[in-house]
Each structure stands twice: as C-alpha cells, then as structure tokens.
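Now for the letters of each chain:
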Amino acid sequence: MQAMIFAAGLGTRFKPWTDRHPKALAVINGKSLLQRNIEYLQRYGIRKVVVNVHHFADQIENAIRENDGWGSEVRISDERSQVLETGGGLKQAAPLLAGQRTLLLNVDILTDLDLGRLIRFHEAEQPLATLAVTGRSSSRQFLFNDTMTLCGWRNNQTGQERISRQESALQPKAFSGIHLIEPGLPDLIEETGKFGIVDLYLRLATRETIKGFDHSGSRFIDVGKPEAVATAESLFP
C-alpha cells in the first residue's frame, strides 16, 4: 500500500508562519507535521509516499532530501504552477499512484486513528473509497445512512445541503481528512483544474459506494491555526 500526503495548500489560516514557510514544516514538539505523518504511516508498514507541493515547495523538497524521507520513499507531485486543492491534486498525482490502493491524508491532521482497523473495514466492505469520520461538531459534515454509506453533505452554518442518495434518515459525521481509495478511483475523475475532493465524492456517491469509518474516540486534531499548536503538543508529545 502507498499514501499521498496533501501538503500544497497556502496555509492562510496559519499565518504568520506561512508567510515564510509551508505549513507542512510547522513544528510540533520538535518534529514537523510532514515528518510526523510520514512516521505515522510507517507504523502501519506504509513507506511509499507521494507529497504534493506548491507553497514554498523548495523548502519541502529540501527537508525531504536532507532527511532521506525520514526512512520512506517519498516522491513529489509538483503543483508549483497552480495549487489544485485536494481533488485536483489527486488527479495530477494519479500517474504516480497508478495501480495501487492509496491512503490519502492532509498534512495538518494529527491522529492516532488505527489505520489497520480502517484498512480491514475497507477490505471487508469493498467500497470505492472509505472516509475516516467522527461525531465531533463541525461547520460542514458528510451525511451517511444507517450502513455508513455516503449520501450527501451539509453546511451547518448556511443550511445548504447536497444530496447524492435519497434516504429517510441521515446521520452527520465530520470528515477527518483521511481516506482510503481504490486504484480505479482516479480514472473516474471528470473534473478539471482546481477542485475539492468533497465535490468529487458527492458526484461519485450517486452511483458508487463510498463508506464512512467512524473513529470517534481516537486522538485527533486539525492543526489549521497557530492556536492549535499548544493543544497538538499536549496530545502528541
């Protein structure tokens, strides 16, 4: 199995650090977010990693080279010309991912989610993709039916909903930025340019099976803002 870490974002919520550095290299207890996630993947035997880059791309490439990928084989998906968001980033990286099941994760997520359990769930259910989710509150949430099949999405601030499958009862879950996809998923991407992966999943969910894996109870933090660093350091020494 291989992984892709999304590290190309501008990190606008993480200023002033991101005025001079990529968020991927923000340090939590002496280790960058990128290093922590590469080592997290290694604990589950995942040592082939693709990292997409845009914002201060040279700094990320230099860190990977100087540290020999922290013990993993790391390849770069270059988005210097245009940041493509998660969906576009996956599409561009597809040639590097061809033919293998791939775990996707955002570089600013730290968690102790048991990836072994997620992988076993995915293998048993055999969906096109499995999305790690929790029951935490969030401004935007995916909507699942009682078998944890993806049916839609809701913006809790505006009330906007996008429904891919009609169901009588839907349960909201917050996406954790970690997902496992089958090798054939990139071939189903019709979108072009810059687009989010949420849009892709909602379109695919109309005809493909996409599952949610609830890991509520795991340690989890989105290190999206500078004020989250202290909490991250208390959770992940």
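Thresholds, definitions, all that
Residues numbered from 1 in each chain as written. Predicted model: local features only at pLDDT ≥ 70, side-chain atom pairs only at ≥ 80, totals over all residues. Heavy atoms only, no water. Helix = DSSP H or I, 4+ residues; strand = E, 2+ residues; numbered from the N terminus. Rg over C-alpha atoms; globule rule 2.2 N^0.38 Å. Buried < 20%, exposed > 50% of the residue type's maximum accessible area, 1.4 Å probe, protein only. Contact = heavy atoms within 4.5 Å. 1 Å grid on protein atoms, 1.4 Å probe; cavity = no way out; pocket = protein on both sides within 12 Å on 5 of 7 lines; lining within 4 Å. Points joined across faces, edges and corners; volume = space filled by probe spheres on them. Nonpolar A, V, L, I, M, F, W, Y, C, P; charged D, E, K, R; others polar. UniProt positions renumbered as here; feature names shortened; annotations may be inferred. Arc of directions from axis to C-beta. Pairing = 2+ DSSP bridges. Phe/Tyr/Trp six-rings, centres within 6.5 Å; stacked < 30°, edge-to-face > 60°. Lys NZ or Arg CZ within 6 Å of the ring centre and 35° of its normal. Salt bridge = Lys/Arg side-chain N within 4 Å of Asp/Glu carboxyl O.

**Q** Tell me about the overall build of the chain, and name the residues and values.
**A** When helices and strands are tallied, the chain shows 6 helices and 14 strands. Computed over the C-alpha atoms, the radius of gyration of the chain is 17 Å, within 12% of the 18 Å expected from 2.2 N^0.38 for a compact globule of 237 residues. Taking the principal axes of the C-alpha coordinates as reference, the chain spans close to 50 × 35 × 35 Å. Within the chain, buried positions represent 52% of all 237 residues.

**Q** Which residues make up the environment of valine 50, and what values do they have?
**A** Tracing the backbone through its elements, the reader meets valine 50 in strand β4 (residues 48-53). Judged by its relative accessible area of 1%, valine 50 falls in the buried class. Setting aside residues no more than four positions away along its own chain, valine 50 makes contact with Ala3, Met4, Ile5, Arg75, Ser77, Ala93, Leu96 and Leu97.

**Q** Help me get a handle on the layout of surface pockets, residues and values and all.
**A** The computed volume of the largest pocket comes to approximately 1,400 Å³. Lining the largest pocket are 39 residues, with Arg13, Asn106, Asp108, Arg140 and Asp222 positioned closest to its centre. Element by element, the count of residues in the lining of the largest pocket is highest for strand β12 (residues 171-181), at 5 residues. Residue classes in the lining of the largest pocket are distributed as 17 nonpolar, 13 polar and 9 charged. Its volume calculated, the second largest pocket comes out at about 190 Å³. Taken together, Lys31, Arg36, Asn37, Glu39, Tyr40, Arg43, Leu110, Thr111, Asp112, Arg219, Phe236 and Pro237 make up the lining of the second largest pocket. Examining the composition of the lining of the second largest pocket, we find that 4 residues originate from one element, helix α1 (residues 33-42), more than from any other. Residues belonging to the lining of the second largest pocket are distributed by class as follows: 4 nonpolar, 2 polar and 6 charged.

**Q** Tell me about the UniProt feature "domain: Nucleotidyl transferase" (unreviewed entry) in the chain, and name the residues and values.
**A** Per the UniProt annotation, the sites labelled "domain: Nucleotidyl transferase" (unreviewed entry) are residues 3-141. In this annotation, residues 3-141 is assigned 32% helix and 26% strand; the end-to-end C-alpha distance for the span is 24 Å.

**Q** Tell me about the side chain of asparagine 155, and name the residues and values.
**A** For asparagine 155, the position within the fold is in strand β10 (residues 150-155). Residue classification places asparagine 155 among the buried residues on the basis of a relative accessible area of 12%. Among residues more than four places away in sequence, those in contact with asparagine 155 are Ser139, Arg140 and Gln160.

**Q** Could you give an account of helix α2 (residues 57-66), naming the residues involved and the relevant values?
**A** Listing the buried residues of α2 in full gives Ala57, Ile60, Ala63 and Ile64. End-on, the buried residues of α2 take up no more than an arc of 130 degrees, which puts them together on one face. Of the exposed residues in α2, the ones pointing more than 90 degrees away from its buried face are Arg65 and Glu66.

**Q** Could you give an account of the pairing of strand β9 (residues 140-144), with specific residues and numbers?
**A** For β9, the tally of buried residues reaches 4 of 5 residues, placing the bulk of the element in the interior. Note: β9 against β10, 5 bridges, orientation antiparallel. Within β10, the residue paired with arginine 140 across the bridge is asparagine 155.

**Q** How would you explain the packing of aromatic side chains if you had to name every residue and give the values?
**A** Summed over all chains, the structure comprises 4 aromatic pairs. Judged by centre distance (6.3 Å) and plane angle (70 degrees), the ring pair of phenylalanine 142 and phenylalanine 144 falls under edge-to-face. When sorted by exposure, phenylalanine 142 lands in the same class as phenylalanine 144, which is buried. Aromatic rings pair up to connect Phe142, Phe144 and Phe175 into one cluster. Directly above the ring of phenylalanine 236 sits arginine 219, whose terminal nitrogen or CZ lies 4.7 Å from the centroid.

**Q** For the pattern of salt bridges, give the residues involved together with the corresponding values.
**A** Using the criterion set out here, one finds 16 salt bridges in the structure. Glutamate 190 serves as the salt-bridge partner of arginine 203, at 3.5 Å between the closest nitrogen and oxygen. Here the residue arginine 203 occupies a position in helix α5 (residues 197-204), and glutamate 190 occupies one in the loop between β12 and α5, the gap between them amounting to 13 residues. Overlapping salt bridges, with partners in common, bring together Asp58, Glu61, Asp78 and Arg80 in one network.

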